[in-house]
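# Chain and residue survey
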Amino acid sequence: MKAHEWMISYTRQSEWIDRRGLFLWLAFYFGGLGGGLYLVSLYFNSLWGMFISWLIILVLKGGSHFLFLGKPLRFWQMVRRPHTSWLARGLLFVLLFTVFAAIQLCFSLWLPGTAGEIVFKVLAGLMAFAVAIYTGFVMNGFKAIPFWNSALLPVLFFLCGVLGGLGLYTIIALGNGQINIAAETASRWLLIINALLIVIYLWRATCRGQTGKQSVVEQIRGQFAPVFWAGVITMGIIIPVVIAFASYFAGEASAVLLVTGVGCEITGGLSLRYCILKAGAYRPLLKLSGI
Amino acid sequence: MEWVTGEGDEAVMSIYPMRCQHCEYPVCVEVCPTGANQQSENGIVWIDQNKCVGCRYCVVSCPYQARTFNTGNKENFPGRGLTGFEKAGKRLYPHQAGTAEKCNFCKERIEAGLARGLKPGTDREATPACVNTCPARVMTFGDLDDPCSKVSELIGEKEGVQLHTEYGTNPSIYYIDSKIGAGYMEILELIGLEEEFGLVYRYSSVPSTNDVGEKTGVTR
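Every chain begins its residue count from 1, and numbering advances along the sequence as written. Note on labels: chains are lettered from A, ligands numbered from 1, in written order. Only residues with pLDDT of at least 70 get local features here, since the model is predicted, and only at 80 or more are side-chain atom pairs given and counted; chain-wide, interface and lining totals rely on the full set of residues. Excluding hydrogens and water, the side-chain values take into account all heavy atoms of the structure.

What follows is about the confidence of the model for chain B. All names here are of chain B. Values of pLDDT, ranging from 0 to 100, describe the predictor's confidence in every residue of the model. When the pLDDT values of chain B are averaged, the result is 77; 78% of them are 70 or greater. Only heavy atoms matter for contacts: two residues are in contact if any of them lie within 4.5 Å across the pair. Low confidence marks residues 181-213, where pLDDT is under 50. Its contacts with residues over four positions away, or in another chain, come to 60 contacts. Across the interface, the model reports ipTM at 0.90; the global pTM reads 0.86.

What follows concerns the packing of helix H1 (residues 21-44) of chain A against helix H6 (residues 152-175) of chain A. All names here are of chain A. Only the stretch in contact is used when a helix axis is fitted, and all axes are lines through C-alpha atoms; the angle between N-to-C directions ranges over 0 to 180 degrees. Where helices and strands are cited, they refer to DSSP runs of H or I of at least four residues and of E of at least two residues respectively, numbered from the N terminus. Interaxial distance between H1 and H6 falls to 7 Å at its minimum, and their mutual angle equals 60°. The angle between H1 and H6 falls in the class oblique. In the crossing of H1 with H6, the sense of the turn from one axis to the other is right-handed. Contacts from Tyr29, Gly32, Leu33, Gly36, Leu37, Leu39, Val40 and Phe44 in H1 reach Phe158, Cys160, Gly161, Val162, Gly164, Gly165, Leu166, Leu168, Tyr169 and Ile172 in H6. Gly counts as polar in this scheme, as do all residues outside two lists: the nonpolar Ala, Val, Leu, Ile, Met, Phe, Trp, Tyr, Cys and Pro, and the charged Asp, Glu, Lys and Arg. For the contact of H1 with H6, a count of residues per class yields 13 nonpolar, five polar and no charged. Note that the term roughly parallel is reserved for angles under 35 degrees, roughly antiparallel for angles over 145, roughly perpendicular for angles of 65 to 115, and oblique for everything else. Note on convention: near helix rotated counterclockwise from far helix by under a right angle means a left-handed crossing. Clockwise means right-handed.

This part takes up the interface of chain A and chain B. The interface is formed by 39 residues belonging to chain A together with 44 residues belonging to chain B. Between chain A and chain B, the buried area comes to about 3,600 Å², and carbon and sulfur atoms account for 63% of it. Salt bridges are counted wherever a side-chain nitrogen of Lys or Arg sits within 4 Å of a carboxyl oxygen of Asp or Glu. Along the contact surface separating chain A from chain B lie one salt bridge. Between Arg56 of chain B and Glu15 of chain A there is a salt bridge, with the nearest N and O atoms lying 3.5 Å from each other. For this analysis, a polar contact is any N or O atom pair within 3.5 Å, provided that within protein one partner can donate a hydrogen and the other can accept it, and provided that sequence-adjacent residues contribute only side-chain to side-chain pairs. Between chain A and chain B we count 15 residue pairs in polar contact (both at pLDDT 80 or more) in total. If you list the elements that add at least two residues to the side of chain A that touches chain B, you get helix H3 (76-79), helix H4 (86-110) and helix H8 (209-221) of chain A. With three residues, the single largest contributor to the side of chain A that touches chain B is H4 of chain A. Split into classes, the residues belonging to the side of chain A that touches chain B amount to 21 nonpolar, ten polar and eight charged. Accessible surface is computed with a 1.4 Å probe, and the buried area is the amount of it that two parts give up when combined, taken over both parts together.

Only buried residues count toward a nonpolar core, which is a set of Ala, Val, Leu, Ile, Met, Phe, Trp, Tyr and Cys residues joined through side-chain atoms within 4.5 Å. Burial here depends on accessible area, computed with a 1.4 Å probe over protein chains only, as a share of the maximum for the residue type. Under 20% is buried, over 50% is exposed, and the range in between is partly exposed. Of all hydrophobic cores here, the largest spans 88 residues; its most connected members are Trp16, Phe97, Met139, Phe147, Trp148 and Ile276 of chain A. When residues in this core are grouped by element, the largest group, 13 residues, is from H6 of chain A. Of all hydrophobic cores here, the second largest spans 19 residues; its members include Tyr16, Val131, Cys134 and Leu163 of chain B.

Below, the structure is given as structure tokens:
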């Protein structure tokens, strides 16, 4: 973009992805991954999975978010005002999740099967769901950025988080010497649904004016194309799908292949969020010249 | 904001001041998670730097991209330090690294002037510094609610244009230039909303004029 075209043509947002904005990208992804892993672990009743998801949300998600903030010590002002925005609500969800999940883990360790454990499993599960999905609501509220202004975004981010969670859970189960067939089957179906959702999301974005279309073009054959094709499509979809179906038809899968597949899924999830954040652009203030 | 139209000898560069639009319904105030973004009774949108947590939600949500994030190492002329004006500005206005920043219409100056019974837009001591110092005198400041104020008259006479009316923010800044009106019309046609914005149709028919100006208002 030439200097004189500033604000007259497609202008990409940069605050939430460039420089320190990279921490927000990580925070958003780890929120989804941690929330997804907790829900999957809750379903399969994996204490290790619950503990690791608690660590992911507390350390990786919370830590990245704090590093992103310009004045992190003022975070409590956000917690006090959940009615204002999804960003404030999200921080509250994270705090509540860490508290509820910590209590639930204590119950599960020392007082298993009690009513307290069930109550805190439900509470922590609800908060994990909220942590996994809220970033989509944070971003789809921007009317000025057509690429993000989609109701599909929360669903896509949530699904991506559950997919990563299923992958991590598979590795945790593998560490305990088990191969969870149910998790693998769910993973296969979710991979296909996720791929379809990405296609629908991009197709719908092209219907949101010239700027939305330009964001999609940037993904497919513009400056973000290498990340999109290598990260989102190849690592995030093709390789995990090939491994999932190879293990289905062969009837078994090697641990190395499973770990590779999960690594690719996580890279794909990170790439997806990166591409979506990076391609978010404003409508021109005056004229759509050169687009 | 700079905009080049035409080519070769006929190329014309138009320059428009682009700052916070002080919307009547500001998105930044709505989304601010700490309440640092506020709107005064007179319509000025401002940031309480002591409350801002530096999440940049307001920076990203502003459809006019009129906000910046103070990273702490702001040097407008890299390697040459601060200019005399910048040093004076730093003494007058306490910038805080790690917070969002934007034009506040010299809020402190206007409020001090109003307290002394002065009239913003008429008395220099109650008028934003940019309006006072603009060498081309392209900016006019005043009360939008007063139909007899200079800004209201200018908007009526020269058909001032607001930017991105489709977001329902109702900006307080009006631009007087048929080029902006025509360009804006193109955007609305492309997104298929022109039927809903009859007002903009009117702007598109304004004859070309060399009179480029900006009108601003604070009181609603």
